[in-house]
Amino acid sequence: MVNSLVSIQIIPKTKNGENVIPYVDRAIEVIQASGVKYQVGPLETTMEGELSELMQVIERMNEAMIELGSLNVISQVKILYMPSGITMDELTVKYRP
């Protein structure tokens, strides 16, 4: 059962102030490879799944930023944990045409 929604905005610090978009693209690739359901937004990406699994994805995202040469990474994370279950669709259905 899906028990969590986790939104993440990853902010890598690059060595020479390079554009961070390639880093963000790599972070999204990590999410894609994980197989969890996700939705990319303009400022953050929301994932849906078991909290422990989603936290492991975040850890891999941070590691990928360092592998690309980032000096450090700030990850702004929002978590909705609901033991009885929650999905992105449940929270957004009333806003869809």
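Keep in mind it's a predicted model, so treat the numbers as computed, not measured.

(A) Broad picture of the pairing of strand β3 (residues 45-49). With respect to burial, β3 is a largely interior element, 5 of its 5 residues being buried. Side-chain alternation along β3 places T45, M47 and G49 on one buried face and T46 and E48 on a second face that is also buried. Here strand β1 (residues 4-13) runs beside β3; their pairing, made up of 5 bridges, is antiparallel. Across the sheet, L5 pairs through a bridge with E48, a residue of β3. Sheet analysis places strand β2 (residues 37-40) next to β3, joined by 4 bridges and oriented antiparallel. Each residue of the ladder has a partner; that of Q39, found in β3, is T46. Between β2 and β3, which pair antiparallel one after the other, the connecting turn spans 4 residues.

(B) Structural view of helix α2 (residues 51-67). The terminal C-alpha atoms of α2, which comprises 17 residues, lie 24 Å apart, in line with the 24 Å expected from a rise of 1.5 Å per residue. Next to the buried residues of α2 lie β1, α1 (21-34), β3 and β4 (72-81). Positive phi appears at G69, one or two residues downstream of α2, with a value of about 110 degrees.

(C) Main features of α1. Here α1 is 14 residues long and its end C-alpha atoms lie 20 Å apart, about the 20 Å a rise of 1.5 Å per residue gives. Here α1 has its buried residues at Y23, A27, I28, V30, I31 and S34. Projected onto a plane normal to the axis of α1, the buried residues spread over an arc of 145 degrees and lie on a single side. Against β1, β2, β3 and α2 lie the buried residues of α1.

(D) The arrangement of the pattern of salt bridges in detail. Across all of its chains, the model carries 4 salt bridges by this definition. Of the charged contacts in the structure, one is a salt bridge between K37 and D89, with a shortest N-O distance of 3.4 Å. Remark: D89 occurs in helix α3 (residues 88-92) and K37 occurs in strand β2; sequence separation between them is 52 residues. Look at K37 and you get partly exposed, because its relative accessible area is 39%. The class of D89 is partly exposed, set by a relative accessible area of 39%. It is possible to trace a salt-bridge network through shared partners that takes in K37, D89 and R96.

(E) Expanded view of the side chain of E48. Mapped onto the fold, E48 is located in strand β3. It is K37 that comes nearest to the buried, bridge-free E48 among opposite-charge side chains, at 4.2 Å. A polar contact of 2.7 Å, which involves the side chain of E48, links it to the backbone nitrogen of M88. Discounting chain neighbours no more than four positions away, the residues touching E48 are V2, S4, L5, V36, K37, L54, I86, T87, M88 and D89.

Criteria and cut-off values
Residues numbered from 1 in each chain as written. Predicted model: local features only at pLDDT ≥ 70, side-chain atom pairs only at ≥ 80, totals over all residues. Heavy atoms only, no water. Buried < 20%, exposed > 50% of the residue type's maximum accessible area, 1.4 Å probe, protein only. Helix = DSSP H or I, 4+ residues; strand = E, 2+ residues; numbered from the N terminus. Pairing = 2+ DSSP bridges. Expected span 1.5 Å × (residues − 1). Contact = heavy atoms within 4.5 Å. Arc of directions from axis to C-beta. Salt bridge = Lys/Arg side-chain N within 4 Å of Asp/Glu carboxyl O. Lys, Arg positive; Asp, Glu negative; His and termini not counted. Polar contact = N/O pair within 3.5 Å; in protein donor to acceptor, adjacent residues only side chain to side chain.

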